[in-house]
Amino acid sequence: MPPKTDNPYISSILTTPIDPRDQREGGSIVTFDDVQRRLVDAMDVLRRLPDREAGWLRTSTMSLWRQVQADWTETAAADRPLVTCALTRNEVGLADEALGWVAAYVPTGVTRQIVGLALMQLARTGSDRVEWSPIWERMGGHDGGWTTDGLRMRYGRALNGICKKVNRGKSGG
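Parameters and conventions
Residues numbered from 1 in each chain as written. Predicted model: local features only at pLDDT ≥ 70, side-chain atom pairs only at ≥ 80, totals over all residues. Heavy atoms only, no water. Helix = DSSP H or I, 4+ residues; strand = E, 2+ residues; numbered from the N terminus. Buried < 20%, exposed > 50% of the residue type's maximum accessible area, 1.4 Å probe, protein only. Contact = heavy atoms within 4.5 Å. Core = buried A, V, L, I, M, F, W, Y, C linked by side-chain atoms within 4.5 Å. Axes fitted to C-alpha atoms, helices over the stretch in contact; angles between N-to-C directions. Left-handed = near helix turned anticlockwise from the far one by under 90°. Nonpolar A, V, L, I, M, F, W, Y, C, P; charged D, E, K, R; others polar. Salt bridge = Lys/Arg side-chain N within 4 Å of Asp/Glu carboxyl O. Phe/Tyr/Trp six-rings, centres within 6.5 Å; stacked < 30°, edge-to-face > 60°.

Chemist: Help me understand the overall build of the protein, please; the structure alone is not making it clear to me.
Modeler: Scanning the protein from N- to C-terminus turns up ten helices and zero strands. Along the chain direction, N to C, the helices and strands of the protein fall in the order α-α-α-α-α-α-α-α-α-α. Counting the 173 residues in the protein, one finds 21% classified as buried. In the protein, 66% of the contacts between residues at least 6 apart in sequence involve partners at least 24 apart.

Quick look at the structure:
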């Protein structure tokens with residue numbers, strides 16, 4: 001039985017039952033799939049960032065004569081500048097927030113490596129499911145001491161940890 005109070009606002013809060021399904025549908029609870037989707041989107045943003053080093057080195061790798069005689073109609077395919085899709089502030093902000101979750105809630109070392117490899121695979125393939133065999137090979141295969149199930153469990157625990165911490169932050173707990 002909730003305690004009695006004269007304040008109608010507090011009284012309504014104490015007597016209103018909380019249904020987790022309503023919170024999930026209302027967007028106040030972050031699920032595993034939400035976190036994974038946000039992190040995959042963040043990896044996609046990272047992949048779309050311009051390569052500043054390649055742009056800086058481009059002028060020193062081309063011969064001087066080709067720079068002088070540059071003509072847009074006769075430019076070789078290798079010399080044309082790459083056209084990348086521009087990133088919006090919203091995309092960069094959401095990616096920054098999601099990567100901040102990894103920085104704050106996923107332990108450094110092997111766990112971050114596993115999370116990074118899995119998310120990059122999901123971003124490259126556009127799939128909803130991680131294929132653990134290639135990641136197992138990247139982690140050393142038999143010599144690495146991992147199993148595909150162990151990698152999957154480590155990844156799942158890391159993303160569940162993010163879910164718990166983000167939801168705890170939203171509820172004020």
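Chemist: Help me out: how do you make sense of the environment of Val 130 in this one?
Modeler: Within the secondary structure, Val 130 is located in the loop between helix 7 (110-125) and helix 8 (132-138). Each C-alpha atom of the pair Val 130 and Arg 152 lies 8.5 Å from the other, and the pair is 22 residues apart in sequence. Apart from residues lying up to four places away in sequence, Val 130 is in contact with Ala 118, Gln 121, Leu 122 and Ile 135.

Chemist: What should I look at first to understand the nonpolar core in this one?
Modeler: Generally speaking, a soluble globular protein has its nonpolar side chains buried in company with each other. Counting residues in hydrophobic clusters, the biggest one holds 31 residues, and the most contacted among them are Val 35, Leu 39, Trp 132, Ile 135, Tyr 155 and Ile 162. Mapped by element, the contributors of at least two residues to this core are helix 3 (32-48), helix 6 (89-105), helix 7, helix 8 and helix 10 (148-171). Excluding its chain neighbours within four sequence positions, the residues that come into contact with Leu 39 are Ala 98, Leu 99, Val 102, Leu 119, Leu 159 and Ile 162.

Chemist: How should I be thinking about the environment of Arg 152 in this particular structure?
Modeler: Here Arg 152 lies in helix 10. When the C-alpha positions of Arg 152 and Trp 132 are compared, they lie 7.1 Å apart, and in sequence the two are 20 residues distant.

Chemist: Quick question: what am I supposed to make of the packing of helix 3 against helix 6 here?
Modeler: To characterise two packed helices, one gives the angle between the axes of the helices and the distance between these axes. Helix 6 packs onto helix 3 with a crossing angle of 120° between their chain directions and a minimal axis gap of 8 Å. The crossing of helix 3 and helix 6 is left-handed. Contacts from Val 35, Arg 38, Leu 39, Ala 42, Val 45, Leu 46 and Arg 48 in helix 3 reach Glu 91, Leu 94, Ala 95, Glu 97, Ala 98, Leu 99, Trp 101 and Val 102 in helix 6. Residues of the contact of helix 3 with helix 6, tallied by class, amount to eleven nonpolar, no polar and four charged.

Chemist: What's the story with the pattern of salt bridges in this structure? I'm lost.
Modeler: With the rule as written, the count across this model stands at five salt bridges. A salt bridge links Asp 44 to Arg 48, with the shortest nitrogen-to-oxygen separation between them at 4.0 Å. Of this pair, Asp 44 and Arg 48 are both found in helix 3, four residues apart, which corresponds to roughly one turn of the helix. Residue Asp 44 is classed as partly exposed on the basis of its relative accessible area, which comes to 28%.

Chemist: Can you help me understand the packing of aromatic side chains in this one?
Modeler: For any pair of aromatic rings, geometry is given as the distance between the ring centres together with the angle between the planes. Going through the model one piece at a time under the given rule, you end up with two aromatic pairs. These aromatic residues form a ring-pair network of at least three members: Phe 32, Trp 132 and Tyr 155.

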